[in-house]
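Report on the structure
Spelled out, the chains give:
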Amino acid sequence: PGLLRNRCGSSSLGGSCLFGGRACDSRGSMSKVAPEAGEDSWPTRLELTNLMVEQTLDELALVSKGGGIRGLCERLGTDREKGLANPVNDWDSRVKVFGENEFAERKLTPYYKFLWVQIKEKIILLLLFMATLELCIKGIGGSGLERTEAIAESSVLYITVTIIVNIAAFLDWKRERMFEALTKRLASSNLRFIVRDGQQMQLTD
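Worth saying up front: this structure is predicted, and the values here are computed from it rather than measured.

1. Let's talk about the pattern of salt bridges
This model, assessed by the stated rule, comprises six salt bridges. The closest approach of N and O atoms between Glu47 and Arg75, which form a salt bridge, is 3.8 Å. Placement of Glu47 in helix H3 (residues 45–54) and of Arg75 in helix H5 (residues 68–76) is noted, with a sequence separation of 28 residues between them. Residue Glu47 is classed as partly exposed on the basis of its relative accessible area, which comes to 26%. Where Glu134 meets Lys138, a salt bridge forms, and the shortest distance between an N and an O atom there is 3.9 Å. On the criterion of helical spacing, the pair formed by Glu134 and Lys138 is a turn pair, its members being four residues apart in helix H8 (residues 122–141). You can call Glu134 buried: its relative accessible area is 18%. Connected through salt bridges with shared partners, the residues Arg106, Glu176, Arg177 and Glu180 form a single ionic network.

This is the structure we're talking about:
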């Protein structure tokens with residue numbers, strides 16, 4: 001995995017060509033390539049993904065059709081010195097083929113799902129069963145005093161379960177949102193560098 005990093009000085013080989021970074025040839029020297037590629041000649045997302053996962057010269061040769069870094073940049077239609085043009089004329093086509101260069105936003109779990117998880121706990125189900133059983137036995141077949149006691153005791157159990165379930169669900173709900181806020185805060189502080197028309201640009205994650 002270190003071969004491509006050492007020779008190119010970048011751990012994001014596909015990203016450097018696709019999004020306008022600098023690259024080197026298989027001998028480690030910098031050179032300029034006039035981009036002559038179109039949507040039909042671009043590598044597929046699967047090919048680029050395999051290249052980034054494997055990070056081997058064999059995978060590079062497969063994606064570049066034997067052309068090495070030079071061939072990969074030619075297929076992607078980017079200049080190894082200047083990167084992509086600014087603005088990128090075929091941006092829409094690149095987005096269509098490769099997708100946006102961003103992570104999909106994770107959907108947060110709604111509160112009722114946390115409630116459902118807590119309700120399915122064995123101790124909670126046992127308390128609900130005991131409260132319902134006592135209410136059915138004494139509340140229906142018992143005397144007036146037993147019926148009153150059954151209703152009172154069952155009500156206490158139901159209220160206790162409601163409080164416990166909501167507190168546990170709220171803590172999980174709050175914890176997930178705090179973690180999401182922290183993740184976004186860290187992501188906004190991560191900087192990435194790309195090259196457009198020979199100019200280095202700084203972007204956040």
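2. Let's talk about the packing of helix H7 (residues 111–119) against helix H9 (residues 144–189)
The N-to-C vectors of H7 and H9 enclose an angle of 130 degrees; their axes lie 8 Å apart at closest approach. In terms of orientation, H7 lies oblique with respect to H9. As H7 packs across H9, the resulting crossing turns out to be right-handed. Residues Tyr111, Phe114, Leu115, Gln118 and Ile119 of H7 form the contact with H9, whose participating residues are Val165, Asn166, Ala168, Ala169, Phe170, Asp172, Trp173, Glu176 and Arg177.

3. Here we look at the side chain of Glu176
Structurally, Glu176 can be placed in helix H9. Of the residues examined, Glu176 reaches a relative accessible area of 13% and is grouped as buried. A distance of 3.0 Å separates a polar atom in the side chain of Glu176 from a polar atom in the side chain of Thr109. Apart from the residues lying within four places of it in its own chain, the contact partners of Glu176 are Arg106, Leu108, Thr109 and Phe114.

4. Focus on the confidence of the model for the protein chain
The predicted model of the protein chain averages 76 in pLDDT, with 79% of residues at 70 or higher. Of all secondary-structure elements in the protein chain, the lowest mean pLDDT belongs to helix H1 (residues 2–8), at 36, while H7 reaches the highest, 96. Note that residues 1–36 has pLDDT below 50 and, in this model, 92 contacts with residues that lie over four places away or in other chains.

Parameters at a glance
- Residues numbered from 1 in each chain as written.
- Predicted model: local features only at pLDDT ≥ 70, side-chain atom pairs only at ≥ 80, totals over all residues.
- Heavy atoms only, no water.
- Salt bridge = Lys/Arg side-chain N within 4 Å of Asp/Glu carboxyl O.
- Helix = DSSP H or I, 4+ residues; strand = E, 2+ residues; numbered from the N terminus.
- Buried < 20%, exposed > 50% of the residue type's maximum accessible area, 1.4 Å probe, protein only.
- Axes fitted to C-alpha atoms, helices over the stretch in contact; angles between N-to-C directions.
- Parallel < 35°, antiparallel > 145°, perpendicular 65-115°, else oblique.
- Left-handed = near helix turned anticlockwise from the far one by under 90°.
- Contact = heavy atoms within 4.5 Å.
- Polar contact = N/O pair within 3.5 Å; in protein donor to acceptor, adjacent residues only side chain to side chain.
- pLDDT = per-residue confidence, 0-100.

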